[in-house]
Amino acid sequence: MRVAFSRLVPHCMGMLAVFCFAIPVQAADLIVSAASSLSNAFRDLAPAFEAANPGSRVSFNFAASDTLLVQIANGAPVDVLASADEQVMERAVAAKLLQPDSKRDFIGNSMVLITPSDSARPLHSLPDLLHGRIKRVALGRPASVPAGRYAQAALQAAGIWNQIEAKAVYAQNVRQCMDYVARGEVDAGFVYGSDATLMRDRVKVAFIVKTPGPVRYPIAIVAGSANTPLAKGFIDLVLSPAGQAVLIRHGFTPQ
């Protein structure tokens, strides 16, 4: 079943251009749409999955979780959805875009504040972002990027969201946010702990951000998948000790 885009995510009209994509599909292809922050870890899992399923191939589509959901709602041929937050999965369940009872939480993460590696501005807590020397702060757009929602919730809990919103430079996904910091285009940025490990030579972690709720990643089989057994096999791999070890090696945290 597919639902009208306007009913699912009415605030995302500006992203329509990214929905018209095509992924080559072969008989034994498994298509996994996953949050951008999972790209390195999931690519590392692909060889093990393909070795366990001879003749199969896993193809990945990485983007902000909200973008992936709207692609699916608009008919994109996807077998597995892995999101960076529960909100996206709750909307997918409400829209009947997932196979019943297939959703599983599979890994956690942390939210951190990063600065350029050569930054001399000491930041130890969220209120430090109020200092006049901090002009630009990067974060995912909360309306469409889970990492942005986690950051907004933390800033709201600290009572400084309105002030930081005035300094915000919004990114389309968490990797773009990290790029802004690495290039020195902003003074600080909110990213996942797993992402911060990818550019240790260009960014540094100022501190771990306390979020009101845990950062959890759910995964599920998409309704109408033509490869349900393969989709279940991929989810089983992600949940297995070997799959968890790969994710933790990439900076994710056990549930």
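Residues numbered from 1 in each chain as written. Predicted model: local features only at pLDDT ≥ 70, side-chain atom pairs only at ≥ 80, totals over all residues. Heavy atoms only, no water.

Trainee: Got a minute to help me understand the pairing of strand S2 (residues 57–63) in this structure?
Mentor: In the case of a regular strand, side chains alternate between the two sheet surfaces. Within S2, 5 of the 7 residues are buried, which leaves it mostly tucked inside the rest of the structure. In this sheet, S2 lies alongside strand S1 (residues 29–35) in parallel orientation, the contact comprising 7 bridges. Note on S2: the bridge partner recorded for Ser 33 is Asn 61. (Buried < 20%, exposed > 50% of the residue type's maximum accessible area, 1.4 Å probe, protein only. Helix = DSSP H or I, 4+ residues; strand = E, 2+ residues; numbered from the N terminus. Pairing = 2+ DSSP bridges.)

Trainee: Teacher, can you tell me more about the nonpolar core here?
Mentor: Soluble globular proteins tend to bury their nonpolar side chains together. Formed by 69 residues in total, the largest nonpolar core has its most connected members in Leu 38, Phe 42, Phe 106, Leu 129, Phe 190 and Phe 234. Once you skip the residues sitting within four places of it in the chain, Phe 106 turns out to touch Leu 38, Phe 42, Ala 82, Tyr 217, Pro 218, Ile 219, Val 238, Leu 239, Gln 244, Leu 247 and Gln 255. By size, the runner-up hydrophobic cluster in this structure holds 17 residues, among which are Ala 73, Val 78, Leu 81 and Met 89. (Core = buried A, V, L, I, M, F, W, Y, C linked by side-chain atoms within 4.5 Å. Contact = heavy atoms within 4.5 Å.)

Trainee: Would you mind going over empty space enclosed by the protein with me for this structure?
Mentor: Space left empty within the atom packing is revealed by a probe, the size of a water molecule, rolled over the atoms. Following the criterion strictly, the structure yields 2 cavities of 30 Å³ or more and no others. Here the largest cavity is characterised by a volume of approximately 60 Å³. Grouping the amino acids of the lining of the largest cavity by side-chain chemistry returns 9 nonpolar, 4 polar and no charged. Computed from the structure, the second largest cavity encloses a volume of approximately 40 Å³. Taken together, Ser 37, Asn 40, Ala 41, Arg 175, Ser 194, Asp 195, Leu 198, His 250 and Phe 252 make up the lining of the second largest cavity. Contributions of two or more residues to the lining of the second largest cavity are made by helix H2 (39–52) and helix H8 (193–196). Here the residues of the lining of the second largest cavity sort into 3 nonpolar, 4 polar and 2 charged. (1 Å grid on protein atoms, 1.4 Å probe; cavity = no way out; pocket = protein on both sides within 12 Å on 5 of 7 lines; lining within 4 Å. Points joined across faces, edges and corners; volume = space filled by probe spheres on them. Nonpolar A, V, L, I, M, F, W, Y, C, P; charged D, E, K, R; others polar.)

Trainee: When you look at the layout of surface pockets in this model, what are you seeing that I'm missing?
Mentor: Approximately 150 Å³ is the volume attributed to the second largest pocket. Of all the elements in the fold, those that place two or more residues in the lining of the second largest pocket are helix H4 (86–94) and helix H5 (146–157). Among the residues making up the lining of the second largest pocket, the classes are represented as 3 nonpolar, 1 polar and 5 charged.

Trainee: Help me understand the side chain of Thr 115, please; the structure alone is not making it clear to me.
Mentor: Secondary-structure assignment places Thr 115 in strand S5 (residues 111–116). When neighbours within four sequence positions are excluded, Thr 115 is seen to be in contact with Leu 123, Val 181, Asp 187, Ala 188, Arg 202, Val 203, Lys 204 and Ala 206.

Trainee: For this particular structure, what's the right way to read the pattern of salt bridges?
Mentor: Two side chains of opposite charge can pair, provided their charged atoms sit close to one another. On inspection of all chains with the given rule, the structure shows 11 salt bridges. Residues Asp 29 and Arg 57 are paired through a salt bridge, measuring 3.0 Å at the closest nitrogen-oxygen approach. Highlighted residues: Asp 29 in strand S1 and Arg 57 in strand S2, separated in sequence by 28 residues. We classify Asp 29 as buried; its relative accessible area is 1%. Across the pair Glu 86 and Lys 103 runs a salt bridge whose closest N-O atoms are separated by 3.3 Å. With Glu 86 in helix H4 and Lys 103 in the loop between H4 and strand S4 (104–109), the pair connects residues that are 17 residues apart, well separated along the chain. Shared partners join several salt bridges into a network, and the residues in it are Asp 66, Asp 85, Arg 91 and Arg 149. (Salt bridge = Lys/Arg side-chain N within 4 Å of Asp/Glu carboxyl O.)

Trainee: Whenever I open this one, the sheet that holds S2 confuses me. Can you help?
Mentor: Strand pairing within a sheet occurs via backbone hydrogen bonds; the two strands may be parallel or antiparallel. Pairing is mixed in the open sheet, where 5 strands are placed in the order S2-S1-S3-S10-S4. Only two strands of the sheet have a single neighbouring strand rather than two, namely S2 and S4. Strand-to-strand twist in this sheet, taken as the mean axis angle between neighbours without regard to direction, amounts to 20°. Lying on the sheet, H2 is in contact with S1, S2, strand S3 (80–82), S4 and strand S10 (215–221); it crosses S2 at an angle near 170°. (Axes fitted to C-alpha atoms, helices over the stretch in contact; angles between N-to-C directions.)

Trainee: Even after reading the chapter, I still don't get the environment of Tyr 180, so can you show me in this structure?
Mentor: Following the sequence through the fold, Tyr 180 ends up in helix H7 (residues 174–182). Those residues in contact with Tyr 180 that sit more than four places away from it in its chain are Ala 138, Val 169, Tyr 170, Ala 171, Glu 185 and Val 186.

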